[in-house]
Amino acid sequence: MKINLLPLLAALPVLLSSCATSRPPQAFHNTDNSALVVESLDNRSCQVIAPTAIAKEENTRVLDQAKAFTQRQTAVVILENYSEPQLGPQFRDRSMAWFIGLRGLGYQHIVFLQGNGTTDPNGLPTLAEYD
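Remember, it's a predicted structure, so these values are computed and weren't measured experimentally. (Residues numbered from 1 in each chain as written. Predicted model: local features only at pLDDT ≥ 70, side-chain atom pairs only at ≥ 80, totals over all residues. Heavy atoms only, no water.)

## Remarks on the nonpolar core
What counts, and what does not: For our purposes a nonpolar core is just a set of buried Ala, Val, Leu, Ile, Met, Phe, Trp, Tyr and Cys residues, chained together by side-chain atoms within 4.5 Å. Think of it in three bands: residues with accessible area under 20% of the maximum for their type are buried, residues over 50% are exposed, and the middle band is partly exposed, with areas taken using a 1.4 Å probe on protein chains only. Strands here mean DSSP runs of E at least two residues long; helices mean DSSP runs of H or I at least four residues long; both are numbered from the N terminus. Two residues qualify as a contact provided that any one of their heavy atoms is within 4.5 Å of a heavy atom in the partner residue.
In this structure, L36, W98, L102 and F112 are the most contacted members of the largest nonpolar core, which totals 22 residues. Those elements that place two or more of their residues in this core are β1 (36-40), β2 (45-50), α2 (59-66), β4 (74-79), α3 (89-104), β5 (109-114) and β6 (126-130). With near-sequence residues (within four places) excluded, L36 lies in contact with V48, A50, P51, F69, R72, T74, A75, V76, L102 and Y107. Residues V37, V111, L113 and L124 belong to the second largest nonpolar core, which totals eight residues.

Below you can see the structure in the form of structure tokens.
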């Protein structure tokens, strides 16, 4: 009787990771005072909190205006009215355009936070972080 170990070894990481518990969301602490901070209100509108406050605008207009800002490394997007218990289609729909637009503007560090009605990103739960 010959036992094939390759399938067993291949299945081992799946078995080990299936028992892992998910990590609770980490609170965000802004270490880059020059970061672009945007409050995304829904799929279409947002407002810039920092470096210069801009009133409620369409997302595409804000990205166009962000081209004029001094080049920065970090962008923080606060997703207001976001309610998924785990990242899913709502996160994908709201974050994809932001991610692509901000990377296109040269931002290297992009953080998505779950909003709670405040414009201060410090202490908000981190949904996703890209370097």
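## Some remarks on the pairing of β5
Stated precisely, the cut-off is as follows: The rule for pairing is simple: two strands pair if DSSP sees at least two bridges between them. Note on handedness: a clockwise path from strand one over the helix to strand two, with the strands aimed away from the viewer, defines a right-handed crossover.
The buried fraction of β5 amounts to five of the six residues, a majority that puts the element mostly inside the structure. Judged from the six bridges that link them, β4 and β5 form a sheet pairing that is parallel. Among the inter-strand pairings, V76 is bridged to a residue of β5, identified as V111. Note that the unit made of β4, α3 and β5 has a crossover that is right-handed.

## With respect to the sheet that holds β6
To keep things clear, this is the line we draw: Only the contacting stretch of a helix is used when fitting its axis, a line to C-alpha atoms as for every element, and angles between N-to-C directions run 0 to 180 degrees.
Read from one edge to the other, the open sheet built from six strands follows the order β3-β2-β1-β4-β5-β6, with strand pairing classed as mixed. Edge positions in the sheet fall to β3 (54-58) and β6, since each has one partner strand and no second. Averaged over all pairs of adjacent strands, the angle between their axes in this sheet comes to 20°, without regard to strand direction. Judged from the four bridges that link them, β1 and β2 form a sheet pairing that is antiparallel. What sits directly across from V38, in β2, is V48. Packed onto the sheet, α2 meets β2 and β3 and runs at close to 125° relative to β3. Relative to β5, α3 is tilted by about 155°, and along the sheet it contacts β1, β2, β4, β5 and β6.

## Digging into the packing of aromatic side chains
For clarity, the threshold we go by: Pairing of aromatic rings covers Phe, Tyr and the six-membered ring of Trp, with a centre-to-centre limit of 6.5 Å; geometry is then stacked below 30 degrees between planes, edge-to-face above 60, and tilted otherwise.
Per the stated rule, a full pass over the model turns up four aromatic pairs. Relative to F91, the ring of Y82 lies with its centre 6.2 Å away and its plane at 75°, an arrangement referred to as edge-to-face. The buried category is assigned to F91, whose relative accessible area is 6%. A ring pair is formed by F112 and Y130, whose centres lie 6.1 Å apart and whose planes are at 80°; its orientation type is edge-to-face. Here F112 is found in strand β5, whereas its partner Y130 is found in strand β6, with 18 residues between them in sequence. Looking at F112, the relative accessible area reads 0%, which means it is buried. We classify Y130 as partly exposed; its relative accessible area is 30%. Taken together through their ring pairs, the aromatic side chains of Y82, F91, F99, F112 and Y130 make up a single cluster.

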